[in-house]
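Below, each chain spelled out in residue letters.
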Amino acid sequence: MKYKQVKKEIEIKREGWSSCFDPVVLCFSGHDLDPKLRQRRALSIEHSYREFFEHFISKVEKELIQTFEMKNSEDDIDYNAITMPFRRRDQNHMPWQTILAEAVRNGEPADFSNESMNRIYAVQKLETRTRYLHHLIMDFNIISNRVRALLVDRLNSVGDKRDFSIVSIGGGPGYDHVAFWAVLLFIRSMNHNNSMEDVRLRTRVFDLYKEWEPIISEVDKAVMNTSASLETSEIGGNVSTLMSSDLLSLHLCDIRLDLCADINAELCEAIDNVDIIVFQFVMHENASIILSEDEIKGATLDILKKSRLGTIMICTDSQHFVWPNLKTAAKLHGWEFYSNLERKINISFGPKQFVLLQRTHRNS
Ligand SMILES: C[S@@+](CC[C@H](N)C(=O)[O-])C[C@H]1O[C@@H](n2cnc3c(N)ncnc32)[C@H](O)[C@@H]1O
């Protein structure tokens, strides 16, 4: 098991260190090392965080399926039957696939107003969407390294400084929360003798549809239960549980409108005090409204203008035609970026299309 082996190697390496560190940077660092050894260490850490993620996500998925079955016994939906064939790529069980493709083609949001359908989405896409974000955050690149450095910084802090805040736009079922928890728990598990009981990783989902509300609260609980169960498991032992639920909440927004629109009032306020903003699979299905000639319109532009220095934005999607406009606007407002174009090689099993941005200065 790669996870256990790497954990042991890291424990030996960091003996005597009192503060928390980023295991990815630790394994990738050492320019003086033999390149083969460095490559081996890089591969080992990659295998181990992937193993940890798969273990974590399969438990969250199981929790969700159980919860949904219990709560929906009367609606005759067999979530197990839906999820498993999907994971085996059975085309007959993908009700969302065509709906989403059409939304992106038209540049108009898909309809997420049916709670039962949303539950199916929440289970079906859980593994892929959380994996994309997770593998992107764990990637060794200039901005992902800063994301993990922020988490490590919180783990090394005390009091209120341990709070970590995410705004997840178009965050639907709460996948971004799940992905960030997997990252945090992995880093914690590799630093197990640090006292890290109080980090509050809080995610505010901003979405067009209030129908996500009950699902989000179930995802919140599934993450907490899974994290607690890791305490005694073979993989992830010593990730002591910190936590309360209520770390994931739903708020309404519409990214087609400016931040000053009534529906965006809470989002406008949240932007002032956030570490990470995530847009996963939402920009392209709004392209018909948010794209202007060579820039971007609506709440996304206002967020680029308003965010405080240091804020990081993570965008992934199935397409990439919005990215050039997003980058042009971002550059104008003092953001630097790193995307799949700069990376050149795809992250294995990660998102094919992504842009990572950080506001480093103010141009205007
Ligand atoms: C394709 S789903 C993506 C959900 C999740 N982020 C993921 O990666 O699977 C698009 C999400 O964005 C929301 N959405 C679509 N248009 C929106 C808009 N204009 N403003 C806010 N949210 C929107 C939808 O309700 C839905 O939850």
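It should be emphasised that the depicted structure is a prediction, and the values quoted were computed from it without experimental measurement. (Residues numbered from 1 in each chain as written. Predicted model: local features only at pLDDT ≥ 70, side-chain atom pairs only at ≥ 80, totals over all residues.)

Asker: Explain the overall build of the protein here, please?
Answerer: Broken down by element type, the protein carries 15 helices and seven strands. Within the span of the protein, comprising 364 residues, buried residues form 45% of the whole. The contacts in the protein between residues at least 6 apart in sequence include a share of 80% that link residues at least 24 apart. (Helix = DSSP H or I, 4+ residues; strand = E, 2+ residues; numbered from the N terminus. Buried ≥ 20, exposed ≤ 12 C-beta atoms within 10 Å, placed from the backbone. Contact = placed C-beta atoms within 7 Å.)

Asker: Can you walk me through the site of the ligand in this structure?
Answerer: Among the 21 residues in the neighbourhood of the ligand, the closest are listed as P109, G170, G172, L208 and Q280. Classifying every residue of the shell around the ligand gives 10 nonpolar, five polar and six charged. (Near = placed C-beta within 6 Å. Nonpolar A, V, L, I, M, F, W, Y, C, P; charged D, E, K, R; others polar.)

Asker: When you look at the environment of E127 in this model, what are you seeing that I'm missing?
Answerer: Relative to the assigned elements, E127 resides in helix α7 (residues 126-138). Taking the number of C-beta atoms within 10 Å as the measure of exposure, E127 has 20 and is therefore buried.

Asker: Whenever I open this one, the sheet that holds strand β4 (residues 276-280) confuses me. Can you help?
Answerer: To summarise the sheet geometry, strands pair through backbone hydrogen bonds and adopt either a parallel or an antiparallel arrangement. Read from one edge to the other, the open sheet built from seven strands follows the order β3-β2-β1-β4-β5-β7-β6, with strand pairing classed as mixed. Edge positions in the sheet fall to β3 (248-252) and β6 (335-339), since each of these pairs with one other strand and no more. Between one strand axis and the next, the sheet turns through 20° on average, direction left out of account. Pairing of strand β2 (residues 200-207) with β3, which is carried by five bridges, proceeds in the parallel orientation. Counterpart to T203 in the pairing with β3 is L248. (Pairing = 2+ DSSP bridges. Axes fitted to C-alpha atoms, helices over the stretch in contact; angles between N-to-C directions.)

Asker: I would appreciate a short explanation of the nonpolar core in the present structure.
Answerer: Taken as a class, soluble globular proteins show a tendency for nonpolar side chains to be buried jointly. Judged by nonpolar contacts, the single largest core of 96 residues is most densely connected at L64, I169, A182, V183 and V219. It is helix α9 (residues 175-189) that provides the largest number of residues to this core, a total of 11 residues. Those residues in contact with V219 that sit more than four places away from it in its chain are L64, A122, P173, G174, H177, V178 and L248. (Core = buried A, V, L, I, M, F, W, Y, C linked by C-beta atoms within 7 Å.)

Asker: Whenever I open this one, the pairing of β4 confuses me. Can you help?
Answerer: By the criterion of burial, β4 is predominantly enclosed, with five of the five residues buried. Side-chain alternation along β4 places I276, V278 and Q280 on one buried face and I277 and F279 on a second face that is also buried. Sheet topology note: the strand β1 (residues 163-169)/β4 ladder contains four bridges and is parallel. When the bridges of β4 are listed, I169 appears paired with F279. As paired strands, β4 and strand β5 (residues 312-317) are joined by five bridges and run parallel to one another. Paired with I277 across the strands is M313, a residue of β5.

Asker: Explanation requested: the packing of α7 against helix α8 (residues 142-155) in the structure shown.
Answerer: For any two helices packed against each other, the geometry is given by the interaxial angle and the distance between the axes. The contact between α7 and α8 brings their axes to 7 Å, and the two run at 95°. Relative to α8, the element α7 lies roughly perpendicular. Within the contact between the two elements, α7 uses L136, I137 and M138 and α8 uses S144, V147 and R148. A breakdown of the residues in the contact of α7 with α8 according to their chemical character gives four nonpolar, one polar and one charged. (Parallel < 35°, antiparallel > 145°, perpendicular 65-115°, else oblique.)

Asker: It is not clear to me how unusual backbone geometry should be interpreted in this structure. Could you clarify?
Answerer: Most peptide bonds adopt trans geometry, and most residues besides glycine take a negative phi value. Backbone geometry places F281, a non-glycine residue, at a positive phi of 55°. The topology assignment puts F281 in the loop between β4 and α12 (287-290). The phi dihedral of F349 is positive, around 60°, even though this residue is not glycine. Mapped onto the secondary structure, F349 falls in the loop between α15 (340-343) and β7 (353-359).

Asker: Could you clarify how one ought to interpret helix α1 (residues 2-13) in this entry?
Answerer: Turn by turn, an α-helix covers 3.6 residues, leaving residues three or four places apart pointing in a common direction. The end-to-end C-alpha separation of α1 is 16 Å, in line with the 16 Å expected for 12 residues at 1.5 Å each. Turning to α1, its buried residues are Y3, V6, K7 and I10. Buried residues of α1 fall within an arc of 105° about the axis and therefore sit on the same side. Seen from the open side of α1, the exposed residues pointing more than 90 degrees away from its buried face are Q5, K8 and I12. (Expected span 1.5 Å × (residues − 1). Arc of directions from axis to C-beta.)

Asker: Looking at this model, I keep getting lost on the environment of N141. Mind explaining?
Answerer: Residue placement: N141 occurs in the loop between α7 and α8. Looking at N141, the number of C-beta atoms within 10 Å reads 15, which means it is partly exposed. Taking C-alpha positions, N141 is 8.2 Å from Y338, a pair spaced 197 residues apart along the chain.

Asker: So what exactly am I meant to see when it comes to the packing of α9 against helix α10 (residues 213-230) here?
Answerer: Running from N to C, α9 and α10 cross one another at 15°; their axes reach a closest spacing of 10 Å. Judged on the interaxial angle alone, α10 and α9 are roughly parallel. The hand of the α9/α10 crossing is right-handed. In contact with H177, V178, W181 and L185 of α9, α10 contributes V219, V223, S227 and L230. Counted by class, the contact of α9 with α10 contains six nonpolar, two polar and no charged residues. (Left-handed = near helix turned anticlockwise from the far one by under 90°.)

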